[in-house]
Amino acid sequence: MEKLSINEVLIAVDGELLCGSAEVLVDSVSTNSKEIRNGALFVPIKGENFDGHAFIWEAFAAGAVATLISECEVDCMPEGCDKNKIHIKVKDTKVALQQLATYYRQKFDIPVIGITGSVGKTLTKEMIASVLAARFNVHKTNGNLNGQIGLPLTMFGLKRSHEVAVVEMGISEFNEMETLLAIAKPTCAVITNIGVTHIENLHTKENIFNEKLKIAGRLEKKGCLFVNGDDEILHNVPKIGDFRVITFGLKNNCDFTARNITFEGGKTSFEAVHNEKHQLFEVSTIGEHNVYNALVAIAIGHFMGMSSDEIQSGLLQFKNLNMRQNVYNLQDIILIDDSYNANPDSMESALAVLAQVGQSKRKIAVLADMLELGNMARDLHFEVGYFAASMDIDVLITVGILAKFIAEAASNSAQKAIATYSFLSKEEAFACLKGLIQPGDCILVKGSRGMHMEEIAKETISLYKKQRM
């Protein structure tokens with residue numbers, strides 16, 4: 001982060017200086033008192049289970065030079081304010097954080113690529129950033145800091161040396177995208193797909209589409225919207241501005257498409273086709289969904305004036321994030337750890353990867369509940385089960401109350417017998433898996449974040465490390 005004066009902060013957040021000097025500089029912003037650095041501005045956020053105002057003095061002790069404080073909390077502030085401990089009163093600290101990030105973003109005249117979609121935002125972001133880094137100094141979202149608190153923190157990471165930013169913009173409720181747009185001001189936008197993530201709050205896929213399409217609402221004529229042209233909703237994006245629309249996909253006559261896709265040795269190769277030109281590319285990960293990610297990265301690389309050699313170099317530098325379809329060759333079995341999170345679309349994508357990697361092997365899927373699906377949860381788990389059956393899964397182990405519907409649907413609809421086991425706990429599921437594993441098996445582990453399926457993946461890896469010893 002480039003330094004800001006307290007005076008700038010006051011202007012940006014319409015704040016009142018309660019004590020301290022307006023000439024002091026801050027060089028970082030944090031909402032977590034445990035991550036404070038010297039010279040930081042602490043922004044306490046009031047959540048459902050905690051109130052950051054309780055940690056203001058802890059933040060000062062860790063090196064913060066200033067804090068925001070909501071006007072409703074001012075009466076609770078200790079008397080005798082030390083002038084070196086700057087307190088700035090604002091109406092709402094969360095809104096002030098967003099206002100400050102909006103002010104800070106305006107200091108940078110660089111391309112900002114905003115990414116939204118129901119599935120795959122993080123991997124798409126990582127692949128686009130990897131490609132662009134072959135030529136540019138890139139700032140990108142750290143992890144999945146993509147919401148109303150995370151996106152401002154992402155923007156504070158911008159520095160004068162950055163030439164382009166790639167940021168995730170995740171929404172879960174109505175009208176949230178407008179807030180994120182004001183903060184990030186993307187010059188280009190990507191919509192990966194429209195699925196049922198957060199349908200509990202947004203109710204229908206049409207609502208999800210309308211909310212996510214707002215990411216393009218402020219694009220200028222020189223901007224561009226990149227959309228998945230194979231998505232059943234996105235392939236007919238309405239004209240809402242003067243900016244270009246570029247499609248990517250494997251069918252539907254997309255602007256960037258792929259042919260001759262092969263998966264081998266943990267890598268994916270394909271021919272990218274654009275304007276009747278064919279170019280061979282390779283990416284160090286597997287799965288058809290990653291071909292889509294690579295295609296949009298290639299499209300953005302072309303849009304940014306990069307050569308094919310630069311784009312290929314960037315793709316080869318891409319590395320999967322932890323717990324996102326990481327493939328482990330453990331002695332005589334293969335483990336696919338995709339335990340970071342799950343929804344119906346990503347679950348089906350992971351099952352397709354299992355089918356691709358384990359073509360000649362026994363395929364075992366260890367799947368847990370998909371959360372936040374509202375009153376559609378039961379039906380959506382059934383749909384995943386039907387899909388699992390179509391992928392010729394051999395063994396299906398489920399964890400949780402909802403995931404048992406995956407097993408029920410799979411066993412009822414499969415053309416061949418599927419051995420199914422359903423448990424309420426991870427411990428029971430792992431004990432079952434441990435007893436079933438045979439040499440040559442290919443195993444997928446996946447579930448929603450709240451199900452903590454990474455513990456099964458870690459136990460499996462640990463088991464084979466012990467065997468090797």
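Look above for the structure.
The written sequence of each chain sets the order in which its residues are numbered from 1. Totals for whole chains, interfaces and linings use every residue, but because this is a predicted model, local features are given only for residues with pLDDT of at least 70 and side-chain atom pairs only at 80 or more, for both listing and counting. Values reported for side chains reflect all heavy atoms of the structure, with hydrogen atoms and water molecules removed beforehand.

Enquirer: Any details on the nonpolar core? Residues and values, ideally.
Expert: With 83 residues, the main nonpolar core has Leu-41, Ile-88, Leu-100, Met-169, Leu-225 and Leu-351 as its most contacted residues. Not counting the four nearest positions on each side in its chain, Leu-351 is found in contact with Ala-365, Leu-367, Val-384, Phe-387, Ala-388, Met-391, Ile-393 and Leu-444. Side-chain atoms within 4.5 Å link the members of a nonpolar core, which is a set of buried Ala, Val, Leu, Ile, Met, Phe, Trp, Tyr and Cys residues. Relative accessibility thresholds used throughout: buried, under 20% of the residue-type maximum; exposed, over 50%; partly exposed, between the two (1.4 Å probe, protein chains only). Leu-132, Leu-250, Ala-299 and Phe-318 belong to the second largest nonpolar core, which has 39 residues in total. Any two residues having at least one pair of non-hydrogen atoms within 4.5 Å are treated as being in contact.

Enquirer: Before we move on, could you go through the pattern of salt bridges and cite the residues and values that matter?
Expert: A carboxyl oxygen of Asp or Glu within 4 Å of a side-chain nitrogen of Lys or Arg is what we treat as a salt bridge. For the structure on display, the rule yields 15 salt bridges. Lys-140 is paired through a salt bridge with Glu-126; the nearest N and O atoms lie 2.7 Å apart. Of the two residues, Lys-140 is situated in strand S9 (residues 138-140) and Glu-126 in helix H4 (residues 121-132); the sequence distance between them amounts to 14 residues. Overall, Lys-140 belongs to the partly exposed group, its relative accessible area being 35%. A relative accessible area of 9% places Glu-126 in the buried class. Residue Glu-178 pairs with Lys-214 through a salt bridge whose shortest N-O separation is 3.0 Å. One end of the pair, Glu-178, is in helix H6 (residues 176-184); the other, Lys-214, is in the loop between helix H8 (205-213) and strand S12 (224-228), with 36 residues separating them in the sequence. The exposure class of Glu-178 is partly exposed, given its relative accessible area of 31%. Here a helix means four or more residues in a row that DSSP labels H or I, a strand means two or more in a row labelled E, and each is numbered from the N terminus.

Enquirer: Tell me about the sheet that holds strand S4 (residues 28-30), residues and numbers included.
Expert: Taken in spatial order, the five strands make up an open sheet running S2-S7-S6-S5-S4, and their pairing is mixed. Of all the strands in the sheet, just strand S2 (16-19) and S4 have a single pairing partner and so form its edges. On average, each strand axis in the sheet is inclined to that of its neighbour by 25°, with strand direction left out of account. Being paired, for any two strands, means DSSP has found at least two bridges between them. Summarising the sheet, strand S6 (residues 66-70) and strand S7 (residues 86-90) pair through five bridges and their orientation is parallel. Pairing of Ser-70 across the sheet is with Val-90, part of S7. Simply put, an axis is a line fit to the C-alpha atoms, just over the touching stretch for a helix, and the angle between two N-to-C directions goes from 0 to 180 degrees. Sitting on the sheet, helix H1 (residues 6-13) is in contact with S2, strand S5 (40-42), S6 and S7, with an inclination near 10° to S7.

Enquirer: Which residues make up the sheet that holds strand S16 (residues 277-283), and what values do they have?
Expert: If you trace the nine strands from one edge of the open sheet to the other, you get S9-S10-S8-S11-S12-S13-S14-S15-S16, paired in mixed fashion. In this open sheet, the two strands that pair with only one neighbour each are S9 and S16. Geometrically, the sheet is characterised by an average inter-axis angle of 20° between neighbouring strands, direction not taken into account. Strand direction decides the pairing type here: strand S8 (residues 112-116) and strand S10 (residues 164-168), joined by four bridges, are parallel. When the bridges of S10 are listed, Val-112 appears paired with Ala-165.

Enquirer: Go over the side chain of Ser-28 with me, naming the residues and quoting the values.
Expert: Relative to the helices and strands, Ser-28 resides in strand S4. Given the relative accessible area of 8%, Ser-28 is considered buried. In this view, Ser-28 contacts Met-1, Arg-37, Gly-39, Ala-40 and Leu-41; residues no more than four positions away in its chain are not counted.

Enquirer: Residue-level account of unusual backbone geometry, with values.
Expert: Among all residues except glycine, the phi angle is most often negative; among peptide bonds, the trans geometry is most common. Unlike most non-glycine residues, Asp-14 shows phi in positive territory, near 55°. Mapped onto the elements, Asp-14 comes out in the loop between H1 and S2. Its identity as a non-glycine residue notwithstanding, Asn-275 has a phi of 55°, on the positive side. Accessibility expressed as a relative area gives 60% for Asn-275, which makes it exposed.

Enquirer: Residues and numbers for the pairing of strand S13 (residues 244-249), please.
Expert: A regular strand places its side chains so that they alternate between the two faces of the sheet. When S12 meets S13, the two strands line up parallel, connected through five bridges. Looking at S13, one finds that Phe-226 is bridged to Ile-246. Where S13 meets strand S14 (residues 256-264), two bridges bridge the pair, whose relative direction is parallel. Pairing of Gly-249 across the sheet is with Thr-257, part of S14.

Enquirer: Before we move on, can you summarise the packing of helix H9 (residues 288-303) against helix H10 (residues 308-316) with the specific residues and values?
Expert: Working note: a packed helix pair is described by the angle between its axes plus the distance between those axes. For the pair H9 and H10, the least separation of the axes is 10 Å and the interaxial angle reads 140°. It follows that H9 is oblique to H10 by the angle criterion. The interaxial crossing formed by H9 with H10 has right-handed handedness. The residues of H10 that touch H9, namely those facing Ala-294, Ile-298, Gly-301 and His-302, are Ser-308, Ile-311 and Leu-315. Its residues placed into classes, the contact of H9 with H10 shows four nonpolar, three polar and no charged. The cut-offs work like this: below 35 degrees is roughly parallel, past 145 is roughly antiparallel, 65 to 115 is roughly perpendicular, and the gaps in between are oblique. Crossing handedness is read from the near helix: turned anticlockwise from the far helix by less than a right angle, it gives a left-handed crossing, and turned clockwise, a right-handed one. Residue type decides the class: Asp, Glu, Lys and Arg count as charged, Ala, Val, Leu, Ile, Met, Phe, Trp, Tyr, Cys and Pro as nonpolar, and the leftover types, Gly among them, as polar.

Enquirer: I'd like a rundown of the packing of aromatic side chains, residues and numbers included.
Expert: Any two rings among Phe, Tyr and Trp, with Trp reduced to its six-membered ring, count as a pair given centres within 6.5 Å; such a pair is stacked if its planes are under 30 degrees apart, edge-to-face if over 60, and tilted if neither. All chains considered together, the criterion is met by seven aromatic pairs. With a centroid separation of 6.2 Å and 25° between ring planes, the pair formed by Phe-382 and Tyr-386 is classed as stacked. Pair noted here: Phe-382 and Tyr-386 are both in helix H12 (residues 377-390), with a separation of four residues, about one helical turn. Among the aromatic residues, ring-to-ring pairing joins Tyr-104, Phe-108 and Phe-156 into one connected group. Over the aromatic face of Phe-108 sits the side chain of Arg-160, whose NZ or CZ is 4.9 Å from the ring centroid. Comment: the charge-over-ring label is applied if NZ (Lys) or CZ (Arg) is within 6 Å of the ring centre and within 35 degrees of the ring normal. The ring of Phe-405 carries the charged tip of Arg-378 above its face, separated from the ring centre by 4.9 Å.

Enquirer: Tell me what's going on with the side chain of Glu-454, and back it up with residues and numbers.
Expert: Considering the arrangement of structural elements, one finds Glu-454 in helix H15 (residues 454-468). In protein, a polar contact requires one atom able to donate a hydrogen and another able to accept it; more generally it is a pair of N or O atoms within 3.5 Å, and residues adjacent in sequence count only if both atoms are side-chain atoms. Here the side chain of Glu-454 touches Arg-449 through a polar contact of 2.6 Å, side chain to side chain. Discounting residues that sit within four places of it in the chain, Glu-454 has contacts with Met-323, Ser-339 and Arg-449.

Enquirer: Mind laying out helix H3 (residues 93-105), listing which residues take part and the relevant values?
Expert: Expected helix span is taken as 1.5 Å per residue step, with the number of steps being one fewer than the number of residues. In this model, H3 (13 residues) spans 18 Å end to end at C-alpha, consistent with the 18 Å of a helix rising 1.5 Å per residue. For H3, the set of buried residues is Thr-93, Ala-96, Leu-97, Gln-98, Leu-100, Ala-101, Thr-102, Tyr-104 and Arg-105. Where H3 starts, the residue carrying a side-chain oxygen 2.9 Å from the main-chain nitrogen of Lys-94 turns out to be Asp-92.

Enquirer: Before we move on, could you go through the packing of H12 against helix H13 (residues 404-413) and cite the residues and values that matter?
Expert: Interaxial distance between H12 and H13 falls to 7 Å at its minimum, and their mutual angle equals 40°. When the axes of H12 and H13 are compared, the pair comes out oblique. The hand of the H12/H13 crossing is right-handed. Contacts from Arg-378, His-381, Phe-382, Val-384, Gly-385, Tyr-386 and Ala-389 in H12 reach Phe-405, Ile-406, Glu-408, Ala-409, Ala-410 and Ser-413 in H13.

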